[in-house]
Every structure is written in C-alpha cells, then in structure tokens.
Amino acid sequence: MVSRAGVWLCVCVGLGGLLLAEDAQAATSGQIHARLVITASCEVSKGTASAPVSPDGGLALLDFGTHGPTWENRLDAGVSDGEKAPLAVSCNPSVVSSFTVTIDGGTHGDGTTRRLSNGRQTIPYRLSADPLGLNAYSIGQQRNFVVTKGTQVPIPVFGSVVANTRALPAGIYTDTLTVTLDW
C-alpha cells in the first residue's frame, strides 16, 4: 500500500499542477548580442553635421560664379558642397595617424595647368590650400594631414582664375578633378 500511496500522491500533485496552470505565470530569459563593426578607414564628409560623401559619387563644388566676358580682378572660390559646408576627413585614429590628399590636373588640364573648358575655349585656374593662393596644390602633389583623435580634419581647397581683359565666348566652363585620399 505504501507504494500505492506514493503513486496516488504523485497523481494528485500532478493534477493539482494542471488545475492551477490557467492562473500560473512564468518567466524566462534569453540574450541579445549587440554588435557594431567600425572599419579601419577614412571617410570624406561635408562638415560636422552632414552625412559622409559617397566614395563613388561624392560631389564638391568650386564655383567661380557668373561673370561677363571680361573681369578686371582675380576670381576666387573655395571648395564646398552645394550647401557651402567645407569638406573634412574623419579617420580611425587607432590605425591612421596621418593621410595624404592628391588632386590631379582635371579632365581639361595639360599636365602642368588645370583648365576650365566650354568644349571649345579653355581658361586656366589654380588650386591652393589657402584663400590667398600662397600654398599651391600642384598637379599630383601629395599634401599631408595629421589625424587628431575624435575630430574631423578640414581639407582646404581654394581656386583662383587670373584677371581676364580679353573677351571670352559665353558658355559654361567646367572641369572635373579627381581627389585621392591615401592612408
């Protein structure tokens, strides 16, 4: 009988558990794994509050404005995106302590001079790292920049077109420069 009572108790306890199942509460726990991968790289951005410039479609503008067929003073411009935000570079400081920027001669340059073109006529222009034009970006010259931890490094690019007293044909004069960032 003792063994029978033991079986009976097990069944009663089991039934009691089943009867209470509707009112019972349970808890369980698990884990979520969070992850962020930061690549050892540099990226060009349009100032501190903007999204990065895409490596395959970044757009920056060196706009000399609209003028008549002649102009008496040098025309100056600074590189910006369409909203006048300066270009900057952010690098992972644990991997990179410096980087270089190289600017080619443009699609209309001749290897020694950068040129704007309307398809028939060209106008020479210069690039520099300062607004006065004292620190020139020669074609293909590497310019070194130091990465400061946690900050964006501005990339100053200014352009100038010399005064022109000879009337030039009307049109839109353009050039496309390739800027290479190496680290």
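S.K.: What should I look at first to understand the overall build of the protein chain in this one?
M.R.: If you tally the helices and strands in the protein chain, you get 1 helix and 10 strands. When its helices and strands are written in sequence order, the protein chain yields α-β-β-β-β-β-β-β-β-β-β. When burial is assessed residue by residue, the protein chain has 27% of its 183 residues classed as buried. When contacts within the protein chain are restricted to residue pairs at least 6 apart in sequence, long-range pairs at least 24 apart make up 74% of them. Element-wise, carbon and sulfur atoms account for 57% of the exposed surface of the protein chain, whose accessible area totals about 12,800 Å².

S.K.: What should I look at first to understand the sheet that holds strand β4 (residues 98-103) in this one?
M.R.: Sheets are built from strands paired through backbone hydrogen bonds, the pairs being either parallel or antiparallel. What the 3 strands build is an open sheet, ordered β7-β4-β10; its pairing is antiparallel. Edge strands, defined here as strands with exactly one partner in the open sheet, are β7 (142-146) and β10 (179-182). In this sheet, adjacent strand axes meet at a mean angle of 25° when their direction is disregarded. Sheet topology note: the β4/β7 ladder contains 5 bridges and is antiparallel. Bridging from a neighbouring strand, Thr102 pairs with Gln142 of β7.

S.K.: Teacher, can you tell me more about the layout of surface pockets here?
M.R.: Over the atoms, a rolling probe the size of a water molecule traces out where space has been left empty. Counted as a void, the second largest pocket has a volume near 210 Å³. What lines the second largest pocket is a set of 14 residues, among which Thr113, Arg114, Tyr125, Arg126 and Leu127 lie closest to the centre. For the lining of the second largest pocket, the secondary-structure elements that each account for two or more residues are β6 (122-128) and β9 (158-161). No other element matches the 4 residues that β6 contributes to the lining of the second largest pocket. The class makeup of the residues in the lining of the second largest pocket is 8 nonpolar, 4 polar and 2 charged.

S.K.: Would you explain the pattern of salt bridges in this entry?
M.R.: Pairing is possible between side chains that carry opposite charge, provided their charged atoms lie close to one another. Under the definition given, this model contains 2 salt bridges. With a shortest N-O distance of 2.7 Å, Arg74 and Asp76 are connected by a salt bridge. When its relative accessible area of 44% is taken as the criterion, Asp76 is described as partly exposed. Two residues, Asp110 and Arg115, come together in a salt bridge whose shortest N-O distance is 3.3 Å.

S.K.: Before we go on, may I ask you to explain the sheet that holds β9 in this structure?
M.R.: One open sheet holds the 4 strands; their spatial order is β2-β9-β6-β5, and the pairing between them is antiparallel. The sheet terminates laterally at β2 (75-78) and β5 (114-117), the two strands that pair on one side only. This sheet shows a mean twist of 30° between the axes of neighbouring strands, independent of strand direction. Bridge analysis of β6 against β9 gives 3 bridges, and the strand direction is antiparallel.

Rules of the game
Residues numbered from 1 in each chain as written. Predicted model: local features only at pLDDT ≥ 70, side-chain atom pairs only at ≥ 80, totals over all residues. Heavy atoms only, no water. Helix = DSSP H or I, 4+ residues; strand = E, 2+ residues; numbered from the N terminus. Buried < 20%, exposed > 50% of the residue type's maximum accessible area, 1.4 Å probe, protein only. Contact = heavy atoms within 4.5 Å. Areas by Shrake-Rupley, 256 points an atom, 1.4 Å probe, with all protein chains shown as cover. Pairing = 2+ DSSP bridges. Axes fitted to C-alpha atoms, helices over the stretch in contact; angles between N-to-C directions. 1 Å grid on protein atoms, 1.4 Å probe; cavity = no way out; pocket = protein on both sides within 12 Å on 5 of 7 lines; lining within 4 Å. Points joined across faces, edges and corners; volume = space filled by probe spheres on them. Nonpolar A, V, L, I, M, F, W, Y, C, P; charged D, E, K, R; others polar. Salt bridge = Lys/Arg side-chain N within 4 Å of Asp/Glu carboxyl O.

Read these as spatial facts, not as claims about activity.
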